[in-house]
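Results of the structural survey
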Amino acid sequence: MPTIRQLPPSVVNKIAAGEVIERPASVVKELVENSLDAGSRRVDVTVEQGGTELIRVVDDGCGVAPEQLELALASHATSKIIDADDLFRVATLGFRGEALASIAAVSRLTFRSRPVDAPLATELEVVGGAAEPLRPTGGPCGTTVEVRNLFFNTPVRQKFLRTTQTEMGHLTEALTRLALAHPHVHFTLNHGGRLIHDLPPGDARQRIAALLGQDLADSLISIESAEDDISLQGFVANPTHSRPNNRLQYLFLNGRFIRDRSLQHALGEAYRGLLLTGRFPVCFLHLQMPAAAVDVNVHPTKLEVRFQDGGRVYSQLLGTLRTKFLSTDLIARASNPPSGSAADDEIMASTPSASQGLWDWAKRQLGPATGDGQVPEFVPFADRDQRSALQLHRVAPLPFGGRSPAPHASLSPLAADEANRNLADDAAASDGNPFRAEYARSATERFDEPHAGIESLRAPRALQIHNRYLVAETEEGLEVIDQHALHERILYEALRERVLAGAVESQRLLVPEPVDLAASEAAAAVENREVLAKLGMEVEGFGGETVLVSSYPAMLANLAPAEVLRTLVEQILAGGKTPDSRDVLDELLHMISCKAAVKYGDRLTPQEIETLLEQRGLAQDHHHCPHGRPTALIFTREQLDRQFKRI
Ligand code: ADP
Ligand code: MG
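Residues numbered from 1 in each chain as written. Chains lettered and ligands numbered in written order. Predicted model: local features only at pLDDT ≥ 70, side-chain atom pairs only at ≥ 80, totals over all residues. Heavy atoms only, no water.

Moving on, we get to helix 10 (residues 310-326). When the terminal C-alpha atoms of helix 10 are compared, their 24 Å separation across 17 residues agrees well with the 24 Å that a helix rising 1.5 Å per residue should span. Turning to helix 10, its buried residues are Val313, Gln316, Leu317, Leu318, Thr320, Leu321 and Phe325. (Helix = DSSP H or I, 4+ residues; strand = E, 2+ residues; numbered from the N terminus. Expected span 1.5 Å × (residues − 1). Buried < 20%, exposed > 50% of the residue type's maximum accessible area, 1.4 Å probe, protein only.)

Spelled out as structure tokens, the structure:
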């Protein structure tokens, strides 16, 4: 029979550490929380090697008396609660009395503290859980905690540590959450001798601006409501500032950052109809309620909490936001008039001329080679299901067998350049759209030709309505095509083919462009270098949060490389912790094709409409956009007759 033994404290602490201390970011969270609980006005965090070498937190809080130092580092020792009843009136961030003991069990920890009235500071050093004797030392009032060589005695844990950049990303995020909850406290963050954040005391909006940018801060809508003893205040962002993931949903409960599915759901509900699927609202919301109305003791890091009356909190959040949105002119706040849904506008707003370049690109991708600047003969309608009236159109001989994926492969770079130049010249001579110029020219040329034939004069094959839908007659009835969705699909498939063939056109930058990202984003960019390279975007780390872009997808030539990179990285991060590179790639393809496609509100020339319809035949699934929405609706003649009561 196996013998039962009580585990020694060192083992118990290591087990506890396993729960609370997952990585350097957890250490920072626990130490800074202690500083805040001690009433500090200023907290300075210094780290080396993403926190794996050193984490130092210096505060100007109340300090710990010398005779209490050893106790502070003992497990289950706390000054914050006395008995079990206190668990239901916790007003501090900590109360489990476990953090310092846990950290000390898996690192070399030095705790130095000097209370306001003490002449000297006292220092206690603990190595892997074993304490050295107390030492008096100099130092300012407050507490300094240094944690070196995290997990030096737990090799398994150490193995789970990721790159410096990744750890730094987590660490910055942990500090961001605390800094957002305590805007009146001065925070600094130093990494490897570089000042990453200096956040002077300010109000909530200033703090958000300092951490996440003025642009976002300016878009915030302030929220305030109080019902009985639950108060809600803070900000939500205008729908135009939505994100592809929920990472910027900051919810705080009594000063503590929490994740709560039900509240996230309420938030999503409040934005329903304002955001496209797959887009998430941004918020900074603080809930205050009596400590007794919530149990924070359900999760070791207190990330999740249990509300006594979750339903009430849910409906207060939803109700407050809905009322606010009804009384706010969300549209007017958007920087450009909405033509699609708010989120679509956001995607599109930044690509004023992308569609233009894209037509060129698409022509080269899908049409046969041209070296003479002529509009290429388009690959004719390859969809043979005979459903469309488009078949009435003259079908040019297929320039290459069937649905060959790479006619453009034959286009030499020189020829492509030449073609671009010609188009550009024409563009200068017209309204700026090379495509239009080309169309105008070929139309007049055909007019002059005696044999131009009926084709050049025929009515457009489809009618564009509201600058977003194409209506075409089909043999069966009529078809309404979503121009953006269809173009997106065509580009998506073409691009995917190129990516899989390893033949994406990329544009080399003469001088690599440094792009500043958030720490976690920079880490993700570097970690996913290979995936990005497949898309034609070459990046390398440049230290800290800067990433160097040396080339980027030619397809997105009209966008700033920095913007392209940011969007791609955002998409990668949205993929979760361990994104499967194929999935990520696919998401990125979606994103690029969405950005590159003609948008809602784009007036198309007859030639452009023609091209779009012709290219449709090349797509394997032209019935759905890459997100699964239909690209066209079909109304049969029978349906129409029925509606008009003719049968
Ligand atoms: P908890 O925060 O849950 O009480 P900790 O292990 O984090 O547990 O800290 C133990 C005790 O050490 C705290 O209750 C507090 O009294 C003291 N302490 C820790 N850090 C500080 C600090 N920065 N300033 C003042 N006191 C501190
Ligand atoms: Mg604590």
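Another aspect to go through is helix 7 (residues 204-212). Of the positions making up helix 7, those classed as buried are Arg207, Ile208, Ala209 and Leu211. Where helix 7 terminates, the next one or two residues include Gly213, which has phi positive at roughly 105 degrees.

Let us now look at the pattern of salt bridges. Summed over all chains, the structure comprises 24 salt bridges. When the shortest N-O distance is used, the salt bridge between Glu167 and Arg23 registers 3.0 Å. With a gap of 144 residues between them, Glu167 in helix 6 (residues 164-181) and Arg23 in the loop between helix 1 (9-20) and helix 2 (24-37) connect regions that are remote in the sequence. According to the relative accessible area criterion, Arg23 is buried, its value standing at 12%. Between Glu563 and Lys595 there is a salt bridge; the shortest N-O distance is 2.7 Å. Remark: Lys595 occurs in helix 20 (residues 581-596) and Glu563 occurs in helix 19 (residues 561-574); sequence separation between them is 32 residues. (Salt bridge = Lys/Arg side-chain N within 4 Å of Asp/Glu carboxyl O.)

Moving on, we get to the sheet that holds strand 22 (residues 546-553). Strands sit in the order 20-22-21 across an open sheet of 3 strands; the sheet is antiparallel. The two strands at the open ends of the sheet, each matched to only one other strand, are strand 20 (506-516) and strand 21 (538-541). Across the sheet, the mean angle separating the axes of adjacent strands is 15 degrees when strand polarity is ignored. As paired elements, strand 21 and strand 22 share 4 bridges and run antiparallel to each other. What sits directly across from Gly541, in strand 22, is Val547. (Pairing = 2+ DSSP bridges. Axes fitted to C-alpha atoms, helices over the stretch in contact; angles between N-to-C directions.)

Let us look at the packing of aromatic side chains. If you walk through the whole model with that rule in mind, you get 5 aromatic pairs. Pairing Tyr250 with Phe257 gives two aromatic rings, centres 5.9 Å apart and planes at 65 degrees, and the pair type is edge-to-face. On the basis of relative accessibility, which here comes to 1%, the residue Tyr250 falls in the buried class. Each member of the aromatic cluster is reached from another via a ring pair, and the members are Tyr250, Phe252, Phe257 and Phe284. Over the ring of Phe152 we find Arg108; its NZ or CZ atom is 4.1 Å from the centre of that ring. Note that Arg468 overlies the ring of Tyr600, its terminal NZ or CZ placed 4.9 Å from the centroid. (Phe/Tyr/Trp six-rings, centres within 6.5 Å; stacked < 30°, edge-to-face > 60°. Lys NZ or Arg CZ within 6 Å of the ring centre and 35° of its normal.)

A separate point is the site of ligand 1. Taken together, 20 residues surround ligand 1, and among them Asn34, Thr78, Ser79, Lys80 and Gly97 come closest. Here an oxygen atom of ligand 1 sits 2.7 Å away from a polar atom, N or O, in the side chain of Lys80. In this structure, an oxygen atom belonging to ligand 1 sits 3.0 Å away from a main-chain N or O atom of Phe95. Bound to the protein, ligand 1 loses 92% of the 530 Å² it would expose on its own. (Near = heavy atom within 4 Å. Polar contact = N/O pair within 3.5 Å; in protein donor to acceptor, adjacent residues only side chain to side chain. Areas by Shrake-Rupley, 256 points an atom, 1.4 Å probe, with all protein chains shown as cover.)

Further remarks concern the environment of Glu227. The topology assignment puts Glu227 in strand 10 (residues 220-227). For Glu227, a relative accessible area of 39% translates into the label partly exposed. Remark: the alpha-carbon pair of Glu227 and Val313, spanning 86 residues in sequence, is separated by 9.6 Å. Residues within four places of Glu227 in sequence aside, it is in contact with Arg312 and Gln316. (Contact = heavy atoms within 4.5 Å.)

All we've got here are geometric facts, nothing functional implied.
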